Amino acid sequence: MARGPVLVIGLDPARIPGWDPQPVVAAIARGQARFGVHGVEADLCLVAPDDDPEEAITEALVRRDYACVVVGGGIRKHEPLLELFERAVNLVRQHAPGAAIAFNSSPEDAADAALRWLR
């Protein structure tokens with residue numbers, strides 16, 4: 001597979017009420033920096049469940065041809081967001097059918113998840 005670019009879809013920690021987003025914002029930044037270490041371009045699509053995430057995800061997916069799309073654990077692991085997770089995966093299939101789909105376990109290992117499919 002190609003070495004990129006990659007789209008990372010995740011929850012926007014600054015738009016989730018009731019907790020301090022800074023640790024997650026910092027982890028996302030560290031995770032994005034790891035893409036650079038591997039010479040892979042990576043775009044972020046951070047969404048809030050209450051703000052029409054489908055539109056934001058679709059806009060990100062059609063912006064360019066991605067070799068891989070990583071769907072973050074915040075969307076995937078939180079059971080109340082199961083429907084959003086399903087919609088995200090199906091949007092990837094619809095709008096980026098040639099892209100591999102990968103799943104990270106934390107914001108910091110998104111590059112590792114993508115690299116499993118970009119080799």
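Our subject is the structure listed above.
These numbers come from a predicted model, not from an experiment. (Residues numbered from 1 in each chain as written. Predicted model: local features only at pLDDT ≥ 70, side-chain atom pairs only at ≥ 80, totals over all residues. Heavy atoms only, no water.)

Turning our eyes to something else, we now look at helix α4 (residues 82–95). Helix length check: α4 (14 residues) gives 20 Å between terminal C-alpha atoms against 20 Å at 1.5 Å per residue, within 8%. Every buried residue of α4 is accounted for by Leu84, Phe85, Ala88, Val89, Leu91 and Val92. For α4, the buried positions fall inside an angular range of 160° around the axis, keeping them on one side. Exposed side of α4, more than 90 degrees from the buried face: Glu83, Arg93 and Gln94 are the residues found there. Structurally, α4 contributes buried residues whose contacts are with β1 (6–11), α2 (53–63), β3 (68–71), α3 (73–77) and β4 (100–103). (Helix = DSSP H or I, 4+ residues; strand = E, 2+ residues; numbered from the N terminus. Expected span 1.5 Å × (residues − 1). Buried < 20%, exposed > 50% of the residue type's maximum accessible area, 1.4 Å probe, protein only. Arc of directions from axis to C-beta. Contact = heavy atoms within 4.5 Å.)

Time to look at the pattern of salt bridges. With the rule as written, the count across this model stands at 7 salt bridges. Its salt-bridge partner being arginine 64, residue glutamate 41 comes within 2.9 Å of it at the nearest N-O pair. One end of the pair, glutamate 41, is in the loop between α1 (22–37) and β2 (42–47); the other, arginine 64, is in the loop between α2 and β3, with 23 residues separating them in the sequence. One continuous salt-bridge network, built from bridges that share partners, spans Asp12, Arg15 and Asp51. (Salt bridge = Lys/Arg side-chain N within 4 Å of Asp/Glu carboxyl O.)

You can see asparagine 104 is positioned in the loop between β4 and α5 (110–118). Side-chain polar atoms of asparagine 104 contact the backbone nitrogen of glycine 73, separated by 3.1 Å. Here the side chain of asparagine 104 touches serine 106 through a polar contact of 2.9 Å, landing on its backbone oxygen. Those residues in contact with asparagine 104, other than ones at most four positions away along the chain, are Val70, Val71, Gly72, Gly73, Arg76, Asp109, Ala110 and Ala113. (Polar contact = N/O pair within 3.5 Å; in protein donor to acceptor, adjacent residues only side chain to side chain.)

Contact geometry of α2 with α4 gives a least axis separation of 10 Å together with a crossing angle of 30°. Considering the angle they form, α2 stands roughly parallel to α4. The hand of the α2/α4 crossing is right-handed. Two secondary-structure elements touch here, α2 through Pro53, Glu54, Ile57, Thr58, Leu61 and Val62 and α4 through Leu84, Arg87, Ala88, Leu91, Val92 and His95. For the contact of α2 with α4, the per-class residue count stands at 8 nonpolar, 2 polar and 2 charged. (Axes fitted to C-alpha atoms, helices over the stretch in contact; angles between N-to-C directions. Parallel < 35°, antiparallel > 145°, perpendicular 65-115°, else oblique. Left-handed = near helix turned anticlockwise from the far one by under 90°. Nonpolar A, V, L, I, M, F, W, Y, C, P; charged D, E, K, R; others polar.)

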